[in-house]
Amino acid sequence: MPPLEEKIELAIEGMMQLMREGRHALVLSSMGKDSSVLCTLALWAIHRAIAQGINVPHVLFGFADTEYDNPIVNRYAKRELKKLSEYIQRHNLPAEVIVATPTLSNDNLVNIMGGRGTASMPGMDRSCSIQLKVSVGNRMKKIAKKRIKGEVVNVVGKRWEESSYRKANMVAAGERPDMTTMINGQPLLSPIAHFTTDDLWGFIAMVRNSEKLPPEQAYANYSDFAAMLDVYRDANGGECELVAFTNTKKNATGCSARTGCLHCSQVADDRSMENMLVEYPQLRSLFNIRNWIGAMHFDPKRRRWLSREPNADGELSIEPNAYSPNTCRELMRYYLSAQADEEIRAHKAGEEPLFDVIPERKLIAIQLLWLRHGYHEPWAALRDWKAVYEEGERWYPPVDMPIASRKDFPRPKKVRFPLTVFTGADPAHLHSAAQMATGACTGSTDDSSASVPLNDEGEFSVDQEGAECFIGFIAGEAIAKADKHPPLPSDQLRTLLNMGTVKLRNGQAGYWEKVMTISDTLVKHDVPAIIDNPVKLLQVTEGAA
């Protein structure tokens with residue numbers, strides 16, 4: 001096995017070759033140990049290329065902010081990004097840091113609380129990763145292409161040694177440190193593919209120990225990695241092997257610390273966050289909510305039993321899918337209570353809150369999705385916000401509740417639920433009574449928009465300032481009016497559109513008209529009250545027959 005110095009040279013040379021060819025690098029980083037080493041090597045490559053007279057194409061360092069990472073990890077990452085940006089400016093390098101976040105349409109936790117998704121459990125599909133990582137990464141690549149002209153190569157910190165499965169895939173795709181390969185039609189370079197975990201730790205130790213050397217011999221870097229080691233230590237419940245290695249102890253075998261999103265249910269037990277509770281007890285509320293999600297997930301009484309999308313015949317079906325309306329509301333209330341408590345704690349301590357799970361624009365997005373599904377009384381999400389922030393109301397999840405078993409969850413079985421039970425007309429040709437602010441969509445015969453996927457990127461947007469104004473100045477009056485004359489879901493949506501708080505994507509007015517018509521129909525006939533009860537839903541269909 002070649003020594004670390006040779007591996008470093010191979011990684012640097014691979015990135016310098018991109019620069020010689022005039023190709024731009026998009027260095028993708030999460031600021032974990034792998035990508036932190038990658039960022040350092042990329043900076044060294046830029047320095048060396050400039051010294052050799054190479055006209056270095058603009059380099060982008062990209063960070064995908066899921067907005068739901070472990071709060072301690074997220075705070076650390078943003079501080080490291082700031083150091084990286086300041087280093088680039090201080091040395092006048094042809095580079096910059098860009099950050100991308102999920103759209104509200106692909107916001108995993110908004111979708112869960114909004115009633116169109118569930119948490120990803122162990123052994124199940126990782127839809128959360130698609131929404132929070134893949135979609136954000138794709139957005140970042142689009143930003144990169146708009147920002148700079150010319151070819152952009154994705155530079156990633158994947159390694160062969162991470163697992164046999166990953167190595168097999170990387171080798172099959174031709175991923176290597178010194179040459180680009182095409183992945184899904186995009187060029188990709190893996191400069192540290194050949195690094196072992198010991199190599200990473202050795203590199204980090206080398207950079208940290210260079211602080212003891214004279215300046216002309218020290219390794220220039222944007223960070224001393226101290227903050228990163230602190231995160232690994234806290235996540236591992238003390239001094240982890242990474243710290244031991246950098247302190248020159250031998251026989252380090254690995255660091256088991258893995259951090260995920262604050263609501264991650266892909267692992268049965270979130271040991272990293274649990275370990276961090278010693279240093280950061282304010283994370284306890286998030287930890288309890290995360291455990292509550294895992295415990296109730298397979299409880300069939302916690303599910304919506306009516307499909308969200310009609311089939312080609314305008315029919316819904318009786319089958320378990322997203323969480324029930326009450327469960328969605330419980331989850332939102334728990335997070336609102338947790339963040340309100342954290343804001344009070346932080347204010348008393350004279351510091352910034354560690355987390356803000358549901359800012360105003362996300363609350364409006366949840367309200368919008370509840371309208372789309374016909375959930376709850378008018379303006380329910382806004383009522384709960386005011387209850388927490390203006391009236392001091394709090395909701396907390398039960399601790400140590402029984403865990404619902406996967407084996408007790410019923411197998412999906414579809415049963416037709418035609419809306420003609422209520423209307424006597426084909427719902428595919430029903431139209432909302434109200435004309436939306438997006439245009440004259442009433443009476444539209446354009447059925448093409450009905451095929452637009454619900455999770456399509458940019459399906460709708462919420463202006464943060466507009467959301468703050470609506471909640472702060474308009475919500476109270478809207479709730480008071482609703483108490484006297486309850487509006488239908490489409491009426492509430494029209495209010496949000498008219499105020500400019502919500503904007504629908506161009507071309508989707510017809511689609512929203514159809515789904516809001518279904519929502520209005522369900523609300524008029526009190527279907528949401530039994531939407532979590534398959535027996536009563538079946539009785540409705542049998543009674544109609």
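Going by the structure above, here's the rest.
Every chain begins its residue count from 1, and numbering advances along the sequence as written. In keeping with the predicted nature of the model, local features appear solely for residues at pLDDT of at least 70, side-chain atom pairs appear and are counted solely at 80 or more, and the whole-chain, interface and lining totals rest on all residues. Heavy atoms throughout the structure, all of them, feed into the side-chain values; hydrogens and water do not.

**Q** Account for helix α13 (residues 360–373), naming residues and giving values.
**A** Look at α13: 20 Å from first C-alpha to last across 14 residues, which is about the 20 Å you get at 1.5 Å a residue. The element α13 is largely enclosed, with a buried count of 13 among its 14 residues. Working definition: helices are DSSP H or I runs of at least four residues, strands are E runs of at least two. Numbering for both runs from the N terminus. Gly374 occupies a position one or two residues after α13 and carries a positive phi of about 75°. Take the number of residues in a helix, subtract one, and multiply by 1.5 Å to get its expected span. A simple rule labels every residue: compare its accessible area, found with a 1.4 Å probe on the protein chains alone, to the largest value its type can have, and call it buried under 20%, exposed over 50%, or partly exposed in between.

**Q** Requested: an account of the packing of helix α1 (residues 4–20) against helix α2 (residues 33–51), with residues and values cited.
**A** Axes here refer to lines fitted to C-alpha atoms; in helices the fit is confined to the stretch in contact. Angles between the N-to-C directions go from 0 to 180 degrees. Between α1 and α2, whose axes approach to 9 Å, the crossing angle comes to 60°. Taken together, the axes of α1 and α2 lie oblique to each other. In this structure, the crossing between α1 and α2 has a hand that is right-handed. Touching Ile8, Glu9, Ala11, Ile12, Met15, Met16 and Met19 of α1 are Leu41, Ala42, Trp44, Ala45, Ile46, Arg48 and Ala49, all from α2. Amino acids are sorted into nonpolar (Ala, Val, Leu, Ile, Met, Phe, Trp, Tyr, Cys and Pro), charged (Asp, Glu, Lys and Arg) and polar (every other residue, Gly among them). Residue composition of the contact of α1 with α2, grouped by class: 12 nonpolar, no polar and 2 charged. Here the word oblique covers every angle except those under 35 degrees (roughly parallel), over 145 (roughly antiparallel) and from 65 to 115 (roughly perpendicular). A crossing counts as left-handed when the near helix is turned anticlockwise from the far one by less than a right angle, and as right-handed when that turn is clockwise. Contacts are assigned to residue pairs that have any heavy atoms within 4.5 Å of one another.

**Q** So what's going on with the nonpolar core? Which residues, and what values?
**A** Among buried residues, those of type Ala, Val, Leu, Ile, Met, Phe, Trp, Tyr and Cys that are joined through side-chain atoms within 4.5 Å constitute a nonpolar core. Formed by 135 residues in total, the largest nonpolar core has its most connected members in Leu41, Phe61 and Tyr335. The dominant element in this core, judged by the number of residues it contributes, is α2, at 10 residues. When near neighbours in sequence (up to four residues on either side) are disregarded, Leu41 contacts Ile8, Ala11, Ile12, Met15, Ile192, Phe195 and Phe203. Ranked by size, the runner-up nonpolar core spans 10 residues in total, among them Ala64, Ala100, Ala144 and Val152.

**Q** Quick one: what's the story with the layout of surface pockets, residue by residue and with numbers?
**A** Volume-wise, the second largest pocket comes out at about 600 Å³. In terms of lining residues, the second largest pocket is bounded by 20 residues, among which Asn74, Lys78, Leu354, Phe355 and Asp356 are the most central. Looking at the lining of the second largest pocket, the elements that each hand over two or more residues are α3 (71–90) and α13. If you tally residues by element for the lining of the second largest pocket, the top one is α3, at 5 residues. Along the lines of polarity and charge, the residues of the lining of the second largest pocket split into 8 nonpolar, 1 polar and 11 charged. Cavities and pockets were defined on a 1 Å grid built over protein atoms only: a cavity is a set of grid points that admits a 1.4 Å probe from which the probe cannot escape, a pocket is an open set flanked by protein on both sides within 12 Å along at least five of seven lines, and lining residues are those with an atom within 4 Å of any such point. Grid points are joined across faces, edges and corners, and a volume is the space filled by probe spheres set on the points.

**Q** Describe unusual backbone geometry, and please don't skip the residues or the numbers.
**A** Unusually for a residue other than glycine, Glu67 sits at a positive phi of about 70°. Its location among the elements puts Glu67 in the loop between β2 (59–64) and α3. Judged by relative accessible area, which is 25%, Glu67 ranks as partly exposed. Look at Trp379: it is not a glycine, yet its phi comes out positive at around 60°. Tracing the backbone through its elements, the reader meets Trp379 in the loop between α13 and α14 (380–389). Relative accessible area serves as the criterion here: at 3%, Trp379 is assigned to the buried category.

**Q** Explain helix α11 (residues 284–296) residue by residue, including any values.
**A** Look at α11: 18 Å from first C-alpha to last across 13 residues, which is about the 18 Å you get at 1.5 Å a residue. Looking at α11, one finds that the buried residues are Leu286, Phe287, Asn288, Ile289, Arg290, Trp292, Ile293, Ala295 and Met296. Close packing links the buried residues of α11 with α3, α10 (271–276) and α12 (325–349).

**Q** Break down the sheet that holds strand β1 (residues 24–29) for me, with residues and values.
**A** When DSSP finds two or more bridges between two strands, those strands count as paired. Read across the sheet, 6 strands follow the order β3-β2-β1-β4-β6-β5 without closing on themselves; strand pairing throughout is mixed. Each edge of the open sheet is held by one strand with a lone partner, namely β3 (95–100) and β5 (181–183). When the angles between neighbouring strand axes are averaged without regard to direction, this sheet yields 35°. With 4 bridges joining them, β1 and strand β4 (residues 152–155) adopt parallel strand pairing. The residue of β4 that forms the bridge with Val27 is Val155.

**Q** Tell me what's going on with the pattern of salt bridges, and back it up with residues and numbers.
**A** Salt bridges, as used here, are contacts in which a Lys or Arg side-chain nitrogen is within 4 Å of a carboxyl oxygen on Asp or Glu. In the structure shown here, the tally under the stated rule is 32 salt bridges. Linking Glu21 and Arg23 is a salt bridge whose minimum nitrogen-to-oxygen distance equals 3.0 Å. Note on Arg23: relative accessible area 15%, which makes it buried. With its nearest N and O atoms 2.8 Å apart, the salt bridge here joins Arg147 to Glu96. You can see Arg147 sitting in helix α5 (residues 127–147) and its partner Glu96 sitting in strand β3, a full 51 residues away along the chain. Three or more residues are tied together by salt bridges with common partners; here these are Lys33, Asp34, Arg159 and Glu161.

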